[in-house]
2 protein chains.
Amino acid sequence: MEGDPTLQLRVFDLNCWAIRYLSKRRQERVQLIGDMLRREGFDLVLLQEVWSEQDYSDLKAKLRGCYPFSHCFRSGVIGSGLCVFSKFPILDTLLYQYSLNGYPYMLQHGDWFCGKSVGLVPAWGSRLLCPTPSRQLHAEYCREKDAYLPHRLVQAWELAQFIRHTSKAADVVLLGGDLNMHPEDVGIRLLRGWTGLRDAFTEATRFEGCKDGCTLVPSNCFTVKTELLPFPLGIRIDYILYKAVSRFTVKCEELKTTMGTAPGADIPLSDHEAVMATLHIQRQGRAAGAALDTAELALADVVTEARTEVDVGLQAAQRQRYSTGRMAVLALLLLLLQAVAALGTLAGLAAEQPFPKLSFSLLAFLAVGVLLLATGLHLFHTIEVKMLQGTEEQMRMALRVLRERP
Amino acid sequence: MEGDPTLQLRVFDLNCWAIRYLSKRRQERVQLIGDMLRREGFDLVLLQEVWSEQDYSDLKAKLRGCYPFSHCFRSGVIGSGLCVFSKFPILDTLLYQYSLNGYPYMLQHGDWFCGKSVGLVPAWGSRLLCPTPSRQLHAEYCREKDAYLPHRLVQAWELAQFIRHTSKAADVVLLGGDLNMHPEDVGIRLLRGWTGLRDAFTEATRFEGCKDGCTLVPSNCFTVKTELLPFPLGIRIDYILYKAVSRFTVKCEELKTTMGTAPGADIPLSDHEAVMATLHIQRQGRAAGAALDTAELALADVVTEARTEVDVGLQAAQRQRYSTGRMAVLALLLLLLQAVAALGTLAGLAAEQPFPKLSFSLLAFLAVGVLLLATGLHLFHTIEVKMLQGTEEQMRMALRVLRERP
């Protein structure tokens, strides 16, 4: 960028759905993804849900020639699933883990085990630093009764804060990933409003792909058709967002999505469609950051809406903390009662053994189990309450700053 | 700062040791701390280990007049214990939680429950942004056989990375806190080398306080004397570090510590001594950041040393992951064996009941307990392995960048 004031940047983003033993035709699809990436020669590739280290190593070996730089972010029990391939040197990385990420006992959803996080990759030498968080927010399992909404909002807020604080000296910020939110959702509006990021789909000069830019579509043979019943066209939850921070401008020249199958193959790359953007970065005049100020009134409304939802989540978490605490106390009382009864029998206060030994010890084991479980859950919900309170407080601070500005 | 090119900044830092029910004479000391802060009128106060929300609220109420802005960071089961009081507006905050923080089963050390983290507080309006992380690294319990060293190094590295990535647009960076490391430890050298932060104690023009700047001293009646036996003068583990990033310079005019008792009282403020620095910030010429380059060769050595220690921790974590996994498999096998035996009895294959019922069910409960515990520990050590691998990889990347520079 030093000599040339313009740069064309081709970005690829895909949720790869590469879960060992669970994802259909995984190895075949990972191969297809590698072939396509090698053929197309993007500048920057952001992949999510690459859960197997073997798949990452295979991709890395295959793509070494055209993408000499790569990084895989590690976190959680099975990893973050995030990896980045780049034509430009990756000089440094930073991983930020969300403070809340679902519940460990919701095994069927599994989000808690994934260690969801945002990876930051500054690239393009030292002058045009470009942090490129590629990540995925907590999945939405039921749109009507969405118990995870407060967690997703905390994550959207933390992501926005992370971008704001790490991108101050950057020229261009690029965020790509499966955000698990529809374009009109409060979380997306919060993220976009608070960071000033622009949506490549709405800004693109040319668009080619699924109707409305959808990335989960019924024509993809791997999508769960029942989940898409309320949305006959599909839904858009994978995004490429961007902004210019300092003396640069960014324009999205073209946005493309795959359309149900991989180019030149009869199966899709994943259950999600890939999003591909061609961005035109130019060094000139004032940056687009100023657009943020004009929208600040609307932003205050979005932050207020998000804060209300976080408050609802906080109340639910407080109720759960209370009920698990009460259960732990009850289990402890039962144990104490049993101990007193057992001691009484031992001391010969009771004339004869009042309970059958087997059921007595089974009950004691049950009480210990309930005590341990309830205590664990109580600790977990205590952390949840703290984090929701912290986010609520930060949002209140943000609202005060927004309102006090002239 | 807009009009005036110089600023004198008085910073106070203290590990308050305010743990409910555990810390001696807590309420009296919190009152003393509040009195001293109100009397002295610092510009910025960084407190750690304020674990009780009540203590924070009391301090906040007392200090409202002279420190109109404050923030308490929330995280972990019992909170982060971090709070900041400031004369300058606190416009925004960000909390970063370390990925590793001890072991949940080391109840006697308790670090895992504290959610140790670094809080970022940009202050001084929008021109002179000053992120002020105030935090505390994993405590050191045994200097000779320090099992936590790898965790502490991961935290030191994450803290350094966090500061580097969030401070790029800042003019002055200030880090205050109990770092749980001696000045010559590899973690401190890594943190200082990788961020370019300077130590107020070694840079101060005037110093007044305990010999060698020690902050855990035998003359403080709350310190554990046996822990300080190898260090007759005490140890220095509380720091104020700073650097100027852009067109500013920072100089430490004066550094003071309390000396075993609170000023004008007969008990200390805490088991740690308070550190108080007077910094002189000036807008001019080139920043001190350049000093980093000259020390890069030494820095590579420090990063290599830290990487070796992280490697040692990684091997230990891998061993523990393996042994807990093996134990879980053994418990599962025992359960299966019992199930087969029970089914055999039920199906009438065995002529008579081969085991006494009570010990049979007790054994089953024991196996379930061991299975759950070992699985939990296995998951925990899996996360630990991932995070240590991730840090090791980042350090390798840093070494490559350091070596490739001309």
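The model shown is predicted, which means the values in this text are computed figures rather than measured ones. (Residues numbered from 1 in each chain as written. Chains lettered and ligands numbered in written order. Predicted model: local features only at pLDDT ≥ 70, side-chain atom pairs only at ≥ 80, totals over all residues. Heavy atoms only, no water.)

## Observations regarding the overall build of chain A
- Within chain A one finds nine helices and 13 strands.
- In chain A, which comprises 406 residues, the proportion classed as buried is 55%.
- A fraction of 75% describes how many contacts in chain A between residues 6 or more apart in sequence connect residues 24 or more apart.
- Approximately 17600 Å² of chain A is accessible, and the part contributed by carbon and sulfur atoms is 60%. (Helix = DSSP H or I, 4+ residues; strand = E, 2+ residues; numbered from the N terminus. Buried < 20%, exposed > 50% of the residue type's maximum accessible area, 1.4 Å probe, protein only. Contact = heavy atoms within 4.5 Å. Areas by Shrake-Rupley, 256 points an atom, 1.4 Å probe, with all protein chains shown as cover.)

## Digging into the UniProt feature "transmembrane region" (unreviewed entry) in chain A
- UniProt annotation of "transmembrane region" (unreviewed entry) refers to residues 328-350 and 362-380 of chain A when read in the numbering used here.
- Each end of residues 362-380 of chain A is marked by a C-alpha atom, and these two atoms are 27 Å apart; helix forms 100% of the span and strand 0%. (UniProt positions renumbered as here; feature names shortened; annotations may be inferred.)

## Focus on the side chain of Gln394 of chain B
- Following the sequence through the fold, Gln394 of chain B ends up in helix H9 (residues 357-404).
- Take Gln394 of chain B: its relative accessible area is 13%, and that puts it in the buried class.

## So, the sheet that holds strand E13 (residues 275-283) of chain B
Residue and element names in this part refer to chain B.
- Spatially, E3-E4-E2-E1-E13-E12-E10 is the arrangement adopted by the seven strands of the open sheet, whose pairing is mixed. Looking at strand neighbours, the two that pair on one side only are strand E3 (69-72) and strand E10 (206-208), the edges of this open sheet. Sheet twist, expressed as the average angle between the axes of neighbouring strands with direction ignored, equals 20°.
- The sheet contact formed by E10 and strand E12 (residues 248-257) spans three bridges and is parallel. Looking across to E12, one finds that Phe207 is bridged to Leu255.
- Taken strand by strand, helix H1 (residues 26-40) contacts strand E1 (6-18), strand E2 (44-50) and E13, and its axis lies near 175° from that of E1. (Pairing = 2+ DSSP bridges. Axes fitted to C-alpha atoms, helices over the stretch in contact; angles between N-to-C directions.)

## Focus: the packing of aromatic side chains
- Counted under the stated rule, the structure contains 11 aromatic pairs over all chains.
- Residues Phe12 of chain B and Phe42 of chain B carry aromatic rings whose centres are separated by 5.1 Å and whose planes lie at 45° to one another, so their mutual orientation is tilted. Here Phe42 of chain B lies in the loop between H1 and E2 and Phe12 of chain B lies in strand E1, a separation of 30 residues in the sequence.
- Residue Phe12 of chain B is classed as buried on the basis of its relative accessible area, which comes to 0%.
- Of the residues examined, Phe42 of chain B reaches a relative accessible area of 1% and is grouped as buried.
- One cation-aromatic arrangement involves Arg164 of chain A over Trp194 of chain A; the distance from NZ or CZ to the ring centre is 4.1 Å. (Phe/Tyr/Trp six-rings, centres within 6.5 Å; stacked < 30°, edge-to-face > 60°. Lys NZ or Arg CZ within 6 Å of the ring centre and 35° of its normal.)

## A short note on the domain arrangement of chain A
Residues and elements named next belong to chain A.
- Split into domains, chain A comes out as domain 1 (7-294) and domain 2 (297-404).
- If you look at the interface, domain 1 gives 20 residues, while domain 2 gives 20 residues.
- Between domain 1 and domain 2, roughly 1800 Å² of surface is buried when both sides are summed, and carbon and sulfur atoms account for 76% of that area.
- At the junction of domain 1 and domain 2, the tally comes to one salt bridge.
- The interface formed by domain 1 and domain 2 holds four residue pairs in polar contact (both at pLDDT 80 or more) in total.
- Taken together, the residues of the side of domain 1 that touches domain 2 sort by class into 13 nonpolar, five polar and two charged. (Domains from an automatic or database assignment. Buried area = accessible area lost by both parts, 1.4 Å probe. Salt bridge = Lys/Arg side-chain N within 4 Å of Asp/Glu carboxyl O. Polar contact = N/O pair within 3.5 Å; in protein donor to acceptor, adjacent residues only side chain to side chain. Nonpolar A, V, L, I, M, F, W, Y, C, P; charged D, E, K, R; others polar.)

## Things to note about a nonpolar patch on the surface
All names here are of chain B.
- On the surface, Met327, Leu334, Leu337, Leu363, Leu366 and Val370 cluster together to form a nonpolar patch covering roughly 520 Å² of accessible area.
- Contributions of two or more residues to the nonpolar patch are made by helix H8 (296-346) and H9.
- Accessibility expressed as a relative area gives 54% for Leu366, which makes it exposed. (Patch = residues over 30% accessible without salt bridge, like charges linked within 9 Å, V, L, I, M, F, W, Y side chains within 5 Å.)

## Some details on the pattern of salt bridges
- Applying the stated criterion across every chain, the model contains 24 salt bridges over all chains.
- Note that Glu203 of chain B is salt-bridged to Arg198 of chain B, the shortest N-O span being 3.5 Å.
- What you see here is one network of salt bridges that share partners, running through Arg307, Glu392 and Arg396 of chain A.

## Description of the environment of Phe88 of chain A
Residue and element names in this part refer to chain A.
- Tracing the backbone shows Phe88 in the loop between strand E4 (83-86) and strand E5 (94-97).
- Relative accessible area serves as the criterion here: at 18%, Phe88 is assigned to the buried category.
- With 44 residues separating them in the primary sequence, Phe88 and Leu44 have C-alpha atoms 8.0 Å apart.

## Points about the packing of helix H4 (residues 149-166) of chain B against H9 of chain B
Residue and element names in this part refer to chain B.
- Packing of H4 against H9 leaves a shortest axis separation of 11 Å and a crossing angle of 55°. Relative to H9, the element H4 lies oblique. Crossing angle aside, the handedness with which H4 passes H9 is left-handed. Counting all contacts with H4, which are made through Pro150, His151, Val154, Trp157, Glu158 and Gln161, the residues of H9 involved are Glu384, Met387, Leu388, Thr391, Gln394, Met395 and Ala398.
- Of the residues that constitute the contact of H4 with H9, the class distribution is seven nonpolar, four polar and two charged. (Parallel < 35°, antiparallel > 145°, perpendicular 65-115°, else oblique. Left-handed = near helix turned anticlockwise from the far one by under 90°.)

## A short note on the confidence of the model for chain A
Residues and elements named next belong to chain A.
- Averaged over every residue, the pLDDT of chain A is 81; the share at 70 or more is 81%.
- Between the elements of chain A, mean pLDDT differs from a low of 37, seen in strand E7 (residues 134-135), to a high of 95, seen in strand E10 (residues 206-208).
- Note that pLDDT drops below 50 for residues 125-138; the model gives that stretch 87 contacts with residues more than four away or on any other chain.
- Confidence drops under a pLDDT of 50 for residues 287-294, and excluding neighbours within four residues, the segment shows 10 contacts in the predicted structure.
- Across the whole predicted complex the pTM is 0.79, and at the interface the ipTM reaches 0.74. (pLDDT = per-residue confidence, 0-100.)

## Here we look at the sheet that holds strand E13 (residues 275-283) of chain A
Residue and element names in this part refer to chain A.
- Taken in spatial order, the seven strands make up an open sheet running E3-E4-E2-E1-E13-E12-E10, and their pairing is mixed. Single-partner strands in this sheet number two, and they are strand E3 (69-72) and E10. When strand polarity is set aside, the average angle formed by the axes of neighbouring strands in this sheet is 20°.
- As judged from the four bridges shared by E3 and E4, these two strands associate in the antiparallel manner.

## A few points about the pairing of E1 of chain B
Residue and element names in this part refer to chain B.
- Within E1, 10 of the 13 residues are buried, which leaves it mostly tucked inside the rest of the structure.
- Bridge count for E1 against E2 is six bridges, and the pairing is parallel. Across the sheet, residue Asp13 finds its bridge partner in E2, namely Leu46.
- Handedness of the crossover joining E1 and E2 through H1: right-handed. (Right-handed = clockwise from strand over helix to strand, strands pointing away.)

## Some thoughts on helix H1 (residues 26-40) of chain A
Residue and element names in this part refer to chain A.
- The terminal C-alpha atoms of H1, which comprises 15 residues, lie 21 Å apart, in line with the 21 Å expected from a rise of 1.5 Å per residue.
- Of the residues making up H1, those classed as buried are Arg26, Arg29, Val30, Leu32, Ile33, Gly34, Met36 and Leu37.
- Here the buried face of H1 lies against strand E1 (6-18), strand E2 (44-50), helix H2 (53-63) and E13.
- Where H1 terminates, the next one or two residues include Gly41, which has phi positive at roughly 60°. (Expected span 1.5 Å × (residues − 1).)

## Topic: H2 of chain A
Residues and elements named next belong to chain A.
- Buried within H2 we find Asp55, Tyr56, Leu59 and Leu63. Down the axis, H2 shows its buried residues gathered within 100° of arc, on one side only.
- Against the buried residues of H2 lie E1, H1, E2, E3 and E4.
- Where H2 begins, one side-chain oxygen reaches toward the backbone nitrogen of Gln54, 3.1 Å away; that side chain belongs to Ser52. (Arc of directions from axis to C-beta.)

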